[in-house]
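Observations on the three-dimensional arrangement
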Amino acid sequence: MRPRSLDEFLKAAHVPFTAFQHAAAFTAQQEAARSHVPGRSWAKTVICFAGDEPIAAVVPAHLLVDLERLRALADTSSLRLASERELAELCPDCELGAVSPFTSAWSLRVFVDQSFVGEPEMVFSAGTHTDAIRMHYGDFCDLAHPIVGTIGMANPREARRESAPRPAPPQESRPKPLGVLGRGRALGT
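Heads up: these notes are all about the structure in this document. (Residues numbered from 1 in each chain as written. Predicted model: local features only at pLDDT ≥ 70, side-chain atom pairs only at ≥ 80, totals over all residues. Heavy atoms only, no water.)

Before going further, it helps to spend a moment on the pattern of salt bridges. Applying the stated rule across the entire model yields six salt bridges. The shortest N-O distance in the salt bridge between glutamate 53 and arginine 109 comes to 2.9 Å. Note that glutamate 53 is positioned in strand E3 (residues 53–60) and arginine 109 in strand E6 (residues 109–113), a separation of 56 residues in sequence. Across the pair aspartate 66 and arginine 69 runs a salt bridge, and its minimum N-O distance is 3.7 Å. Note on aspartate 66: relative accessible area 14%, which makes it buried. The partly exposed category is assigned to arginine 69, whose relative accessible area is 43%. (Salt bridge = Lys/Arg side-chain N within 4 Å of Asp/Glu carboxyl O. Helix = DSSP H or I, 4+ residues; strand = E, 2+ residues; numbered from the N terminus. Buried < 20%, exposed > 50% of the residue type's maximum accessible area, 1.4 Å probe, protein only.)

Of the strand pairs in this sheet, strand E1 (residues 18–21) and strand E8 (residues 131–136) are connected by four bridges, and their pairing is antiparallel. Residue alanine 19 lies in a different strand from E8, and its bridge partner there is isoleucine 133. Pairing geometry for strand E7 (residues 121–125) and E8, over five bridges, is antiparallel. Within E8, the residue paired with serine 125 across the bridge is alanine 132. (Pairing = 2+ DSSP bridges.)

With that settled, the discussion passes to the environment of glutamine 21. Tracing the backbone through its elements, the reader meets glutamine 21 in strand E1. For glutamine 21, a relative accessible area of 61% gives the class exposed. Considering only alpha carbons, one finds glutamine 21 and arginine 34, 13 residues apart in sequence, at a separation of 9.7 Å. Not counting residues up to four positions away in its chain, the partners in contact with glutamine 21 are Thr130 and Asp131. Separated by 3.2 Å, the side chains of glutamine 21 and aspartate 131 make a polar contact. (Contact = heavy atoms within 4.5 Å. Polar contact = N/O pair within 3.5 Å; in protein donor to acceptor, adjacent residues only side chain to side chain.)

An α-helical segment advances 3.6 residues per turn. Residues three or four places apart therefore align on the same side. Considered for burial, the residues of helix H5 (residues 137–144) that qualify are Tyr137, Asp139, Phe140, Leu143 and Ala144. Here the buried residues of H5 occupy an arc of 155 degrees about the axis, which is enough to place them on one side. Those residues of H5 that are buried lie in contact with helix H1 (4–12), E3, E6, E7, E8 and strand E9 (147–149). Downstream of H5 by a residue or two, histidine 145 has a phi angle that is positive, lying close to 45 degrees. (Arc of directions from axis to C-beta.)

Turning next to the state of the cysteines. For the coordinates displayed, the defined rule picks out zero disulfides. Cysteine cysteine 91 is unpaired, with the sulfur of cysteine 94 as its nearest cysteine sulfur at 4.9 Å. Under the relative-accessibility criterion, cysteine 91 is labelled buried at 2%. Judged by its relative accessible area of 14%, cysteine 94 is buried. (Disulfide = S-S within 2.5 Å.)

Before going further, it helps to spend a moment on the nonpolar core. If you look at the biggest cluster of nonpolar residues, it comprises 28 residues, and the most contacted ones within it are Ile47, Val58, Phe102, Met122, Met135 and Phe140. Within the residue set of this core, elements represented by two or more residues are H1, strand E2 (42–50), E3, helix H4 (84–90), E6, E7, E8 and H5. When residues of this core are assigned to their parent elements, the largest contribution, four residues, is made by H5. Not counting residues within four places of it along the chain, the set of residues in contact with phenylalanine 102 comprises Leu6, Phe9, Leu10, Phe124, Met135, Phe140, Leu143 and Ala144. By size, the runner-up hydrophobic cluster in this structure holds 13 residues, among which are Cys48, Ile55, Leu63 and Ile151. (Core = buried A, V, L, I, M, F, W, Y, C linked by side-chain atoms within 4.5 Å.)

Trans peptide bonds make up the majority, and among non-glycine residues the majority have a negative phi. Residue histidine 36 is not a glycine yet carries a positive backbone phi of 60 degrees. Within the element layout of this structure, histidine 36 appears in the loop between helix H2 (28–34) and E2. Judged by its relative accessible area of 74%, histidine 36 falls in the exposed class. One non-glycine residue with positive phi stands out, namely histidine 145, at about 45 degrees. Within the fold, histidine 145 resides in the loop between H5 and E9.

This is the structure we're talking about:
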């Protein structure tokens, strides 16, 4: 069940949104696929620490957070991912790994990848591995007041998978027939 605090926050802000459920998923790419949402529209939230300050980075499901670009955009000398313990403290109502930009017990600075700008909608986890929220990107901006920049980067594993040569089909040990006679019988057999 998604956190009541998220629903209360969105309703109090008078922002239109749609809540829905999907089959259990444990990565943003899986959530997008199971929800029939393009990966570019699924907003993956990653909690980081800029120095001692917790922040939220929001990128499309198919991208990773470029920590160096985020560090520069956050204007901090150090940046790191939050630990599981820190995530549990910051987002006590959420299942581990299912945070949204609005489910923190703290008011976080939010950084969003520029690829969302101009998109009509975005979808993100609603605090569980089976709940999601859909809203217009403009409404998201009104609520989160994000700092926009290029903070996403291609996943190297995905890039390798896409560029890897396809294995050749297995060769048969029998020689191939040279041709076919009238009733489908191969020559040389």
